[in-house]
Amino acid sequence: MSSIDLVILGIVLEKPQSAYDIQKDIEYHNFSRWTKISIPSVYKKVLQLKEKGYLASDVVKGERFAGKTIYSITDAGKAYFETLMDQISEQGVSLAFDFNVVVTNLNKMDREHALSLIKKLRDGITASAEKNEEYADIPLVGRTIFDQQRMLYQALLEWLDTFEAQFTQDQPLP
């Protein structure tokens, strides 16, 4: 099951387009901000979806350029798209944050260093939240994801405040 497949099929379901245009659409919708998709992997994934029969391709002659391959979704691709939508919407939500490994090891650091690491975590979450605010001029479905992320960043900052207070109380003074 692949969220990259779902992203690409959803874009092509909206309108047939070239792999380059799919990449641009992914950038425009800021998919890489909330799902694991890299722009360089898009072309490879488009070819894989075509090989599996989920996409069809037609070469269209360009005005100034050589022919360009345009991909469209097949009936099998539409069925796979719907299957992915069902499967992904039914799965549990995992919130795995890499910084949790730092948090679980803070008690192994001296207090001053541990508190500086908590500050770095706060700074990182704050920077991510601020970057999130740069994406105001995007379609509704994208904006709702950024609203979700804004609320998550706020919740993480509140959690970090609570954790820092508890951590400070539990740690003996040097």
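The present account deals with the structure reproduced in this document.

Rules used throughout
- Each chain carries its own residue numbering, running from 1 in the written order of its sequence.
- Residue-level local features of this predicted model are given only where pLDDT is at least 70; pairs of side-chain atoms are given and counted only at 80 or more, and the full residue set underlies all totals for whole chains, interfaces and linings.
- Where side-chain values are given, they derive from all heavy atoms of the structure, hydrogens and water being excluded.
- In this description, a nonpolar core means a group of buried Ala, Val, Leu, Ile, Met, Phe, Trp, Tyr and Cys residues linked to one another through side-chain atoms lying within 4.5 Å.
- Exposed residues in this analysis have more than 50% of their type's maximum accessible area, buried residues have under 20%, and partly exposed residues fall in between, with area computed by a 1.4 Å probe over protein chains only.
- Runs of H or I in DSSP of at least four residues are treated as helices and runs of E of at least two as strands, each being numbered from the N terminus.
- Between two residues, a contact is recorded if the distance between any of their heavy atoms is within 4.5 Å.
- Throughout, an axis means a line fitted to C-alpha atoms (over the contacting stretch in the case of helices), and angles, computed between N-to-C directions, take values from 0 to 180 degrees.
- The scheme is simple: roughly parallel for angles under 35 degrees, roughly antiparallel for over 145, roughly perpendicular for 65 to 115, oblique for anything else.
- When the near helix sits turned anticlockwise from the far one by under a right angle, the crossing is termed left-handed; a clockwise turn instead gives a right-handed crossing.
- Note that Gly is not counted as nonpolar here; it falls among the polar residues with everything else outside the nonpolar set of Ala, Val, Leu, Ile, Met, Phe, Trp, Tyr, Cys and Pro and the charged set of Asp, Glu, Lys and Arg.
- Polar contact is the term for a pair of N or O atoms within 3.5 Å; when the atoms are in protein, one must be able to donate a hydrogen and the other to accept it, and sequence-neighboring residues count only if both atoms are side-chain atoms.

What follows deals with the nonpolar core. Residues Ile-8, Leu-9, Ile-22, Ile-26 and Leu-55 are the most contacted members of the largest nonpolar core, which totals 22 residues. Secondary structure elements with two or more residues in this core: α1 (3–14), α2 (19–28), α3 (39–51), β2 (68–73) and α4 (75–90). With seven residues, α1 is the largest single contributor of residues to this core. Sequence-distant contacts of Leu-9, that is, excluding residues within four places in its chain, are made with Leu-49, Tyr-54, Leu-55, Ile-73, Gly-77, Tyr-80, Phe-81 and Leu-84. Listed in part, the 15 residues of the second largest apolar core include Leu-121, Ala-129, Leu-160 and Phe-167.

Here we take up the packing of α1 against α4. Here α1 crosses α4 at 130°, and the two axes come no closer than 10 Å. As far as their axial angle goes, α4 and α1 are oblique. For the pair α1 and α4, the sense of crossing is left-handed. Between α1, through Ser-3, Asp-5, Leu-6, Leu-9, Gly-10 and Leu-13, and α4, the contact on the second element is made entirely by Gly-77, Lys-78, Tyr-80, Phe-81, Leu-84, Met-85 and Ile-88. Along the lines of polarity and charge, the residues of the contact of α1 with α4 split into eight nonpolar, three polar and two charged.

The residue Ser-2 is located in the segment before α1 in this model. Given a relative accessible area of 15%, Ser-2 falls into the buried group. Of note is the side chain of Ser-2, whose polar atom sits 3.2 Å from the backbone nitrogen of Asp-5. Contacts of Ser-2, omitting those with residues within four sequence positions, involve Lys-45, Leu-84 and Ile-88.

For Leu-84, the location among the structural elements is in helix α4. For Leu-84, a relative accessible area of 0% gives the class buried. Between the C-alpha atom of Leu-84 and that of Asp-5, which follows or precedes it by 79 residues, the distance is 8.3 Å.

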